[in-house]
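Listed below, chain by chain, are the residues.
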Amino acid sequence: MKVLANDGISQSGVDALKAAGFEIITTKVAQEQLENYINENQIDALLVRSATKVRKELIDACPSLKLIGRGGVGMDNIDVQYAKDKGLSVINTPASSSASVAELVFAHLYGGVRFLYDANRNMPLEGESKFGDLKKAYAKGVELRGKTLGVIGFGRIGQATAKVALGAGMKVIYSDPYMEKAEVKLDFFDGQEVTFKFESKSKEDVLKEADFITLHVPAQKEYVIGKAELEMMKDGAALINAARGGVIDEIALIDALDSGKLAFAGLDVFESEPKPEIRILMHPKITLSPHIGAATNEAQDRIGTELAEQIDSILNK
Ligand SMILES: NC(=O)c1ccc[n+]([C@@H]2O[C@H](COP(=O)([O-])OP(=O)(O)OC[C@H]3O[C@@H](n4cnc5c(N)ncnc54)[C@H](O)[C@@H]3O)[C@@H](O)[C@H]2O)c1
């Protein structure tokens, strides 16, 4: 059977699929040529990440397809229910990238509280001529230890982020209307484990009490953080979004940064992705990354092998 991994797959995934007897093709086929390619090569399984779209028309036009796999979490690029109704299996790997996204949140947080994002812009330009001025400009950093992290959306990534925060000595509070209570277990390198119990608070309470807010909700119709929510946050707080573009009102965010209400923001995802607004990209108080939350070798390895295991058990049964 043939598997087309159109948005790439880790070597570990390729190896696992080959070992299970699949022919794996990693050619990147352009969206408009996908239908032809799948039909000519009689592809059984199509694997995508977020780039390739698998819409009704493609599903209808490609009768050889038996399975659609998404390496990662969000399946906004796949007509999931339609595919299932037509008898196709649709799979993803929801847990494989949680720890990587959580670490990226902390890369933004630690970078933010010590102005690293701005220092990295200015040191190459003025580090030699104005070292003392820059040293003074970035002198008022703060520690994360002892501060409160407010997590909005306490699913897999929200909880993985809580684990990093707890390890860093932070207090954690969360708001998730669909998860009233949660237990988060921290495993340490020497086998020790500690379990923390949490109860959801209202979004308002989390916004008011937290020093830093991080979002881990799925894509939704309304903004989760708009002007009203930003106003509720503590003065000098910071906001991180490694969830989905469109859960924060970017215009309101820029206003909150310009007025000094927020100290900084960290964005891995953008409303107008893949062409983020220039005002966001150029803003001196935003630490930026180009949607790389899940882009670690470890997460990609886990994604590849998890996909391979699922494909093997579904198509080889
Ligand atoms: N930056 C990246 O590269 C990257 C990588 C993977 C996932 N993500 C994104 O991270 C987000 C979270 O992923 P996950 O695996 O933790 O999902 P998940 O389904 O495990 O958790 C999401 C949680 O959000 C809660 N929720 C939904 N609407 C809410 C609201 N309005 N307010 C508060 N809570 C709400 C749900 O109850 C759920 O517990 C998704 O948007 C996903 O697309 C980003």
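Residues numbered from 1 in each chain as written. Predicted model: local features only at pLDDT ≥ 70, side-chain atom pairs only at ≥ 80, totals over all residues. Heavy atoms only, no water.

Student: Is there a simple way to explain the pattern of salt bridges in this structure?
Tutor: Once the charged atoms of two side chains with opposite charge are near each other, the side chains can pair. Evaluated as defined, the whole model comprises 14 salt bridges. One salt bridge connects Glu-229 with Lys-203, and the closest N-O pair in it is separated by 3.6 Å. Remark: Lys-203 occurs in helix H9 (residues 203–209) and Glu-229 occurs in helix H10 (residues 227–232); sequence separation between them is 26 residues. With its nearest N and O atoms 2.8 Å apart, the salt bridge here joins Lys-261 to Asp-235. With Lys-261 in the loop between helix H11 (250–258) and strand S12 (262–267) and Asp-235 in the loop between H10 and strand S11 (237–241), this residue pair connects regions lying 26 residues apart in the sequence. If you follow the salt bridges from partner to partner, you end up with Lys-185, Asp-187 and Glu-193 in one network. (Salt bridge = Lys/Arg side-chain N within 4 Å of Asp/Glu carboxyl O. Helix = DSSP H or I, 4+ residues; strand = E, 2+ residues; numbered from the N terminus.)

Student: Just checking my understanding: could you explain the site of the ligand for this structure?
Tutor: Lining the immediate surroundings of the ligand are 25 residues, of which Arg-156, Ile-157, Asp-176, Val-217 and Asp-268 lie closest. Take Gly-293: an N or O atom from its main chain is 3.1 Å from an oxygen atom of the ligand. Residues that form the shell around the ligand fall into these classes: 13 nonpolar, 8 polar and 4 charged. (Near = heavy atom within 4 Å. Polar contact = N/O pair within 3.5 Å; in protein donor to acceptor, adjacent residues only side chain to side chain. Nonpolar A, V, L, I, M, F, W, Y, C, P; charged D, E, K, R; others polar.)

Student: Before we go on, may I ask you to explain the side chain of Thr-148 in this structure?
Tutor: Structurally, Thr-148 is set in strand S6 (residues 148–152). With relative accessibility at 11%, the residue Thr-148 sits in the buried group. Residues within four places of Thr-148 in sequence aside, it is in contact with Met-170, Lys-171, Ile-173, Glu-209, Ala-210, Asp-211 and Phe-212. (Buried < 20%, exposed > 50% of the residue type's maximum accessible area, 1.4 Å probe, protein only. Contact = heavy atoms within 4.5 Å.)

Student: Mind showing me how you'd approach the pairing of strand S7 (residues 171–175) here?
Tutor: A regular strand places its side chains so that they alternate between the two faces of the sheet. Here S7 lies mainly inside the structure; 4 of its 5 residues are buried. Here S6 pairs with S7 via 5 bridges, running parallel. Its bridge partner being in S7, Val-151 is matched across the sheet by Tyr-174. For the crossover from S6 across helix H8 (residues 156–167) to S7, the handedness is right-handed. (Pairing = 2+ DSSP bridges. Right-handed = clockwise from strand over helix to strand, strands pointing away.)

Student: Looking at this structure, how should I read unusual backbone geometry?
Tutor: Note that the residue after Glu-273, namely Pro-274, is joined by a cis bond; omega there is 5°. Position of Pro-274 relative to the elements: it lies in the loop between S12 and helix H12 (278–281). Phi at Gln-42 takes a positive value of approximately 50°, unusual for a residue other than glycine. At Phe-115, a residue that is not glycine, the phi angle is positive and equals roughly 60°. Tracing the backbone through its elements, the reader meets Phe-115 in the loop between helix H5 (98–113) and helix H6 (116–126). The exposure class of Phe-115 is partly exposed, given its relative accessible area of 22%.

Student: Explanation requested: the environment of Leu-166 in the structure shown.
Tutor: Among the secondary structure elements, Leu-166 is positioned in helix H8. Residue Leu-166 is classed as buried on the basis of its relative accessible area, which comes to 14%. Leu-166 sits 30 residues away from Phe-196 along the chain, and the two C-alpha atoms are 9.1 Å apart. If we ignore the near neighbours within four places in the chain, the residues touching Leu-166 are Val-172, Val-184, Leu-186, Phe-196 and Phe-198.

Student: Would you mind going over a nonpolar patch on the surface with me for this structure?
Tutor: Side chains of Ile-278, Leu-281, Met-282 and Leu-288 sit close together on the surface and give an oily, nonpolar patch of about 380 Å² of accessible area. Tracing the backbone through its elements, the reader meets Ile-278 in helix H12. Accessibility expressed as a relative area gives 58% for Ile-278, which makes it exposed. (Patch = residues over 30% accessible without salt bridge, like charges linked within 9 Å, V, L, I, M, F, W, Y side chains within 5 Å. Areas by Shrake-Rupley, 256 points an atom, 1.4 Å probe, with all protein chains shown as cover.)

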